[in-house]
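Structure assessment
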Amino acid sequence: MKAISCLSGPDDEVVLPKGSKKTDWEVELGVVIGTRARYVGEEEALDFVAGYCVVNDISERSFQLERGPQWDKGKGCDTFGPVGPWLVTRDEVIDVQKLDLYLEVNGKRMQTGCTETMIFSVAQIVSYLSQFMTLEPGDIIATGTPPGVGMGRKPQRFLKKGDTMRLGIAGLGEQQQDVVAYQPR
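Summary of the structure given here. (Residues numbered from 1 in each chain as written. Predicted model: local features only at pLDDT ≥ 70, side-chain atom pairs only at ≥ 80, totals over all residues. Heavy atoms only, no water.)

When glycine is set aside, most residues are seen to have a negative phi, and most peptide bonds are trans. Geometrically, the link from glycine 84 to proline 85 is a cis peptide bond, its omega value of 25° lying close to zero. Relative to the helices and strands, proline 85 resides in the loop between strand E7 (81-82) and strand E8 (88-89). Here the bond from lysine 154 into proline 155 is cis, since omega is -5°, no more than 30 degrees from zero. Mapped onto the elements, proline 155 comes out in the loop between strand E11 (140-142) and strand E12 (164-169). The phi dihedral of tyrosine 39 is positive, around 55°, even though this residue is not glycine. For tyrosine 39, the location among the structural elements is in the loop between strand E4 (27-33) and strand E5 (49-56). Backbone geometry places threonine 79, a non-glycine residue, at a positive phi of 75°. Assignment of secondary structure puts threonine 79 in the loop between helix H1 (61-65) and E7. (Helix = DSSP H or I, 4+ residues; strand = E, 2+ residues; numbered from the N terminus.)

Structure, rendered in structure tokens:
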């Protein structure tokens, strides 16, 4: 889960938070809820989806793993949720489980994947989450990322000031973010 304060535009800067050591990238399919969903079955789950978008589910791994067991605190930092550039409506996506994704850092390909290899389908994810919380119109579900995140690389590689990320999903658009250092105000 992400705090609403982390949402940013597809080409906005990503600010490394104070104390950041292991800020990581994650290209993900975003599922935007269009109709209130509560206890929906898998067979009807896509009826509750307004559309899809590109999400960079940025995570600070040291906050997640080295500062107590709560995973969410490394997900909700300011600027850690670039979304867009577009909301592509459900009817414009022929098969949401056949979309290619990629992410590059400084022009080097880090992630390449396809939504057909997702562990759970979009319908399964929407149905499952609706069993525990009411999904409201405008809610965005980030569905998971393909291999190639910095934490999973050998050696590990994390974002630093001056890096540039470029990422996209076929038919949903492309994002680009420059990484900058935290500046106290």
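Before going further, it helps to examine the pairing of strand E10 (residues 108-114). Relative to E10, strand E9 (residues 100-105) runs antiparallel, the two sharing six bridges. Residue pairing for E10: aspartate 100 is matched across the bridge by cysteine 114. Connecting E9 to the next strand, E10, in antiparallel fashion are two residues, including asparagine 106 with a positive phi near 55°. (Pairing = 2+ DSSP bridges.)

Further remarks concern the pattern of salt bridges. For the structure on display, the rule yields 13 salt bridges. One salt bridge in this structure joins lysine 98 and glutamate 116, with 3.2 Å as the shortest N-O distance. With lysine 98 in the loop between E8 and E9 and glutamate 116 in the loop between E10 and helix H2 (122-130), this residue pair connects regions lying 18 residues apart in the sequence. Overall, the relative accessible area of 53% leaves lysine 98 in the exposed class. Here glutamate 116 falls in the partly exposed class, since its relative accessible area comes to 49%. (Salt bridge = Lys/Arg side-chain N within 4 Å of Asp/Glu carboxyl O. Buried < 20%, exposed > 50% of the residue type's maximum accessible area, 1.4 Å probe, protein only.)

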